[in-house]
Structures are given as structure tokens and as C-alpha cells.
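# Summary of the model geometry
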Amino acid sequence: METRDLPRHQLIKSLMAKQTEKVADAIIILWAQLATQIISIVGEDGFNALYVRSIFLSRSTFPELPAITLSPQKNHRFAELKISFEGQSPVQVREANSLLLITLTDILASLIGEQLINRILHLAWAAEIPNETGKEFKNE
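A brief report on the enclosed structure follows. (Residues numbered from 1 in each chain as written. Predicted model: local features only at pLDDT ≥ 70, side-chain atom pairs only at ≥ 80, totals over all residues. Heavy atoms only, no water.)

## Looking at the environment of Thr61
Positionally, Thr61 belongs in the loop between helix H2 (23-58) and helix H3 (79-86). The class for Thr61 is partly exposed, based on a relative accessible area of 49%. On a C-alpha basis, the gap between Thr61 and Ala96 in space is 8.2 Å, while along the polypeptide they are 35 residues apart. (Helix = DSSP H or I, 4+ residues; strand = E, 2+ residues; numbered from the N terminus. Buried < 20%, exposed > 50% of the residue type's maximum accessible area, 1.4 Å probe, protein only.)

If you want it as C-alpha cells, here you go:
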């Protein structure tokens, strides 16, 4: 299976396509929800490392992403990201954020596995994501 065909990639692209108004605000909400779930597993420092690395890797394609050199502060974790998105068109914001989220989830999946990252996305965004067996994760 090619990575672009992964169910979580499709979910991310679908979520980004749904953002039509106040795109930057909506995206920051998605990031906050995801951060809460990831932090519960890897802690603040672990999330910050993943986030900063994802931005670093994504900047080669989208140089308008913020140049974050230090771990983001908890209360303003996504302030630089939001500022970088505010001057762009909604299409650019959706594309850049899709790549950023895919990059972060790819890194995390390589560390913890596809099933666990899918579970994290399900908890963060209440999304049904088929696992490798074709079954969906559901709240039980």
C-alpha cells in the first residue's frame, strides 16, 4: 500500500477539504485536539519534538510555515502556525496543513505503529478509520 493511500492520510485530506471558513482557526482546533491525545502518550516534550520536526520537514515544500527553533510553549503552542496561515489563501493553508499533519502522523506511526496512530486520530477527531483488517475503530 502506498503511503498516500493510507486511511489516515485520506482522513486528513478529507478533514482539510471540509475547512472552508476561518480555516486557520479550524485547523488550530484540530491541532489542539490531536496534541491532547499525543501528549497523553508521549508527554509534552515528545509532542513538541514531533511537532517541531514535522514543521522542519514540511518547510521544504511550504516555506511559509513558521521557522520554529525551540519547543513551543504550551499556552501558545500553535500561535506561530496560525500566524503563518493567516496571510495565505484557504487552499494554500489546507495543502500546507495536510502535509504537516501527514508528516507528523507518519513519524509517529513509524515509532508506535499504524493501529495506534489510527486510534489516536479516532480519539482526537472522533473519526472512523479502518485498520489493516478493514475493521473500523469505534467507541465501545
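Back to the write-up after that little detour.
## Points about the environment of Val93
By secondary structure assignment, the location of Val93 is in helix H4 (residues 90-112). Look at Val93 and you get buried, because its relative accessible area is 2%. Those residues in contact with Val93 that sit more than four places away from it in its chain are Val23, Ile27, Phe85 and Gln88. (Contact = heavy atoms within 4.5 Å.)

## Quick look at H2
Given 3.6 residues to a turn, an α-helix orients residues that are three or four positions apart in the same direction. Between its terminal C-alpha atoms H2 stretches only 19 Å, short of the 52 Å expected from 36 residues at 1.5 Å a residue. Along H2, the largest kink reaches about 115° and is centred on Val42. (Expected span 1.5 Å × (residues − 1). Bend = angle between axes of the 7 residues up to and from the residue.)

## Examining the packing of aromatic side chains
Tallying each qualifying case throughout the model produces five aromatic pairs. Here Tyr51 and Phe78 contribute two aromatic rings whose centre-to-centre distance is 5.2 Å and whose plane-to-plane angle is 90°, an arrangement assigned as edge-to-face. Remark: Phe78 occurs in the loop between H2 and H3 and Tyr51 occurs in helix H2; sequence separation between them is 27 residues. Here the aromatic residues Trp31, Phe47, Tyr51 and Phe78 are joined through ring pairs into a cluster of three or more. (Phe/Tyr/Trp six-rings, centres within 6.5 Å; stacked < 30°, edge-to-face > 60°.)

## Regarding the side chain of Ser58
Considering the arrangement of structural elements, one finds Ser58 in helix H2. By relative accessible area, which is 1% here, Ser58 ends up buried. Leaving out residues up to four positions away in the same chain, Ser58 has contacts with Leu65, Leu99, Leu100 and Thr103.

## Regarding a nonpolar patch on the surface
A contiguous nonpolar surface patch, about 220 Å² in accessible area, is contributed by Ile41, Val42 and Leu116. Within the secondary structure, Leu116 is located in helix H5 (residues 114-125). (Patch = residues over 30% accessible without salt bridge, like charges linked within 9 Å, V, L, I, M, F, W, Y side chains within 5 Å. Areas by Shrake-Rupley, 256 points an atom, 1.4 Å probe, with all protein chains shown as cover. Salt bridge = Lys/Arg side-chain N within 4 Å of Asp/Glu carboxyl O.)

## As for the pattern of salt bridges
Following the criterion strictly, the structure yields four salt bridges and no others. Where Asp106 meets Arg8, a salt bridge forms, and the shortest distance between an N and an O atom there is 2.7 Å. Highlighted residues: Asp106 in helix H4 and Arg8 in helix H1 (residues 7-18), separated in sequence by 98 residues. Relative accessible area serves as the criterion here: at 2%, Arg8 is assigned to the buried category. Across the pair Glu44 and Arg77 runs a salt bridge whose closest N-O atoms are separated by 2.3 Å. You can see Glu44 sitting in helix H2 and its partner Arg77 sitting in the loop between H2 and H3, a full 33 residues away along the chain. A relative accessible area of 28% places Glu44 in the partly exposed class. Residues joined in a network through salt bridges with shared partners are Arg8, Asp106 and Glu114.

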